[in-house]
Amino acid sequence: MIELRGITKSFGSLQVLKDIDLDIGHKEIVSIVGPSGAGKTTLLQIMGTLDKPDNGTLHIDRVDVERLNENELARFRNLHIGFVFQFHQLLPEFTALENVMIPAYIAGLKQKQAEARAHELLDFMGLADRATHKPNELSGGEKQRVAVARALVNHPAVVLADEPSGSLDTQNKAELHQLFFHLRDTFDQTFVIVTHDEELARLTDRTIHMVDGRIEQTTHPASQPQT
Ligand SMILES: Nc1ncnc2c1ncn2[C@@H]1O[C@H](COP(=O)(O)OP(=O)(O)O)[C@@H](O)[C@H]1O
Ligand SMILES: [Mg+2]
């Protein structure tokens, strides 16, 4: 589903990603762990086509994204990739429903369709009675679930999450993690999750350990570390 080959990235003289090769399969849930500054966010941004590598190739769903022009890339991203950030990044002046609808609008759905889809997802997230609330009227866990609903509104094949539970308490964290697995089982989505949460990492199909811009090792739960 996602294929990276020989990806490098520098900011000035600082090389942040050093020759990254990685394949992520359809319906796989992969966690990326590693110390702060290891390059995890940069790698996720490149996977999400929000940033470009200096070298290397990226295929998502067999599409060579480098061949897309800016407009095609924006459309590809809108339709195929969902993002969940550490801090929900909901728009404060809009309701939960409107926040979820926005990417559907951008994709060209009519208001009625976008609204129906957003309601469906908020129901699925257990947020039916929060649809008309604005972000400042929602708890941290609720905001993060709205952000997940927004990420899913266009049925993306790939969901990329950067420390999605970083700002949540234990209970909300556990619920959000269960939600990811539930979503994968329900909608066949692929998840790449950057996390500091060891419990979450253990639950995922595979954990990528990054150190200093490289993939140091890959571990699979219930098996020995592999290189
Ligand atoms: N836009 C940028 N400009 C300059 N340096 C950056 C930029 N983004 C990240 N970096 C640097 O790249 C390194 C890796 O950052 P990042 O990918 O955010 O790591 P992580 O998410 O693993 O903490 C850090 O040293 C960071 O300061
Ligand atoms: Mg980061």
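Structure: above.
What you are looking at is a predicted structure, and each value in this text was computed from that prediction instead of being measured.

> So what about the overall build of the protein? Which residues, and what values?
Helix and strand counts for the protein come out as seven helices and 10 strands. Counting every position in the protein, which comprises 227 residues, the buried fraction comes to 48%. Here the contacts in the protein between residues at least 6 apart in sequence split such that 67% fall between residues at least 24 apart. Total accessible area on the protein stands at roughly 11,200 Å², and carbon and sulfur atoms take up 49% of it.

> Describe the site of ligand 1, listing the residues and the values that go with them.
All residues in the neighbourhood of ligand 1 are listed as Phe 11, Leu 14, Val 16, Pro 35, Ser 36, Gly 37, Ala 38, Gly 39, Lys 40, Thr 41 and Thr 42. Between an oxygen atom of ligand 1 and a main-chain N or O atom of Gly 39, the distance comes to 3.0 Å. When isolated, ligand 1 has an accessible area of 560 Å², and the protein chains bury 57% of it. Those elements that place two or more of their residues in the shell around ligand 1 are β2 (14-24) and α1 (40-47). Considering each element in turn, the shell around ligand 1 owes the most residues, three residues, to α1. Grouping the amino acids of the shell around ligand 1 by side-chain chemistry returns five nonpolar, five polar and one charged.

> Could you give an account of the sheet that holds β2, naming the residues involved and the relevant values?
Judged by pairing direction, the sheet is antiparallel, and its four strands sit side by side in the order β2-β1-β4-β5 without closing on themselves. A single partner strand is all that each edge strand has here, and the edge strands are β2 and β5 (63-64). In this sheet, β2 lies alongside strand β1 (residues 2-11) in antiparallel orientation, the contact comprising seven bridges. Residue pairing in the sheet places Leu 4 in a bridge with Leu 22 of β2.

> For the pairing of strand β3 (residues 29-33), give the residues involved together with the corresponding values.
Taken across its five residues, β3 has five buried, putting it largely inside the fold. By the alternation rule, side chains of β3 split into Ile 29, Ser 31 and Val 33 and Val 30 and Ile 32, which are all buried. Two strands pair when backbone bridges link them, and β3 and strand β8 (residues 190-194) are joined in this way by four bridges, in the parallel orientation. Counterpart to Ile 32 in the pairing with β8 is Val 194. Where β3 lies against strand β9 (residues 206-211), four bridges are found, and the strand directions are parallel. Note on β9: the bridge partner recorded for Val 30 is Arg 206.

> Summarise the sheet that holds β8; cite the residues concerned and give the values.
Strand pairing within a sheet occurs via backbone hydrogen bonds; the two strands may be parallel or antiparallel. Ordered in space as β6-β7-β8-β3-β9-β10, the six strands form an open sheet in which the pairing is mixed. Looking at the sheet topology across the chains shown, the edges are occupied by β6 (81-84) and β10 (214-219). Strand-to-strand twist of the sheet, defined as the mean angle between neighbouring strand axes without regard to direction, takes the value 20 degrees. Strands in contact with helix α5 (residues 140-152) are β6 and β7 (158-162); relative to β6, the strand with the most contacts, it is inclined by about 165 degrees.

> How would you explain the packing of aromatic side chains if you had to name every residue and give the values?
The full count for this structure, using the stated rule, is three aromatic pairs. Pairing Phe 124 with Phe 187 gives two aromatic rings, centres 5.4 Å apart and planes at 55 degrees, and the pair type is tilted. Pair noted here: Phe 124 is in helix α4 (residues 111-124) and Phe 187 is in helix α6 (residues 170-187), with a separation of 63 residues, a long-range link. With relative accessibility at 28%, the residue Phe 124 sits in the partly exposed group. Among the residues examined, Phe 187 registers a relative accessible area of 31% and is labelled partly exposed. Ring plane angle 50 degrees and centroid distance 5.4 Å describe the contact between Phe 180 and Phe 191, whose orientation is recorded as tilted. In this pair, Phe 180 sits in helix α6 while Phe 191 sits in strand β8, placing the two residues 11 residues apart along the sequence. Pair check on accessibility: Phe 180 and Phe 191 agree, each one buried.

Parameters at a glance
Note on numbering: residues in each chain are counted from 1, in written sequence order. Written order decides the labels, with chains lettered from A and ligands numbered from 1. Restriction of local features to residues with pLDDT of at least 70 applies here, the model being predicted, together with a cutoff of 80 or more for giving and counting side-chain atom pairs; totals for whole chains, interfaces and linings are based on all residues. Excluded from the side-chain calculation are hydrogens and water; included are all heavy atoms of the structure. Each helix corresponds to a stretch of at least 4 residues labelled H or I by DSSP, and each strand to a stretch of at least 2 residues labelled E; elements are numbered beginning at the N terminus. With a 1.4 Å probe rolled over the protein chains alone, any residue whose accessible area is under 20% of its type maximum counts as buried; one over 50% counts as exposed, and the rest are partly exposed. Throughout, a contact is declared for two residues whenever any of their heavy atoms are within 4.5 Å. Using a 1.4 Å probe, accessible areas were evaluated by the Shrake-Rupley method; residue-level cover was limited to the displayed protein chains. When we say a residue is near a molecule or strand, we mean one of its heavy atoms is within 4 Å of it. A 3.5 Å cut-off defines polar contacts: any pair of N or O atoms within that distance qualifies, except that in protein one atom must be a possible hydrogen donor and the other a possible acceptor, and neighbouring residues in sequence count only when both atoms are side-chain atoms. Only Asp, Glu, Lys and Arg are considered charged in this grouping, and only Ala, Val, Leu, Ile, Met, Phe, Trp, Tyr, Cys and Pro are considered nonpolar; every other residue, Gly among them, is considered polar. At least two bridges found by DSSP between two strands are what make those strands a pair. Axis geometry follows a simple rule: fit a line to the C-alpha atoms, using only the stretch in contact for helices, then measure angles between N-to-C directions, giving values from 0 to 180 degrees. A pair of aromatic rings is counted whenever rings of Phe, Tyr or Trp (Trp by its six-membered ring) have centres within 6.5 Å, and the orientation is called stacked for planes under 30 degrees apart, edge-to-face for over 60 and tilted otherwise.

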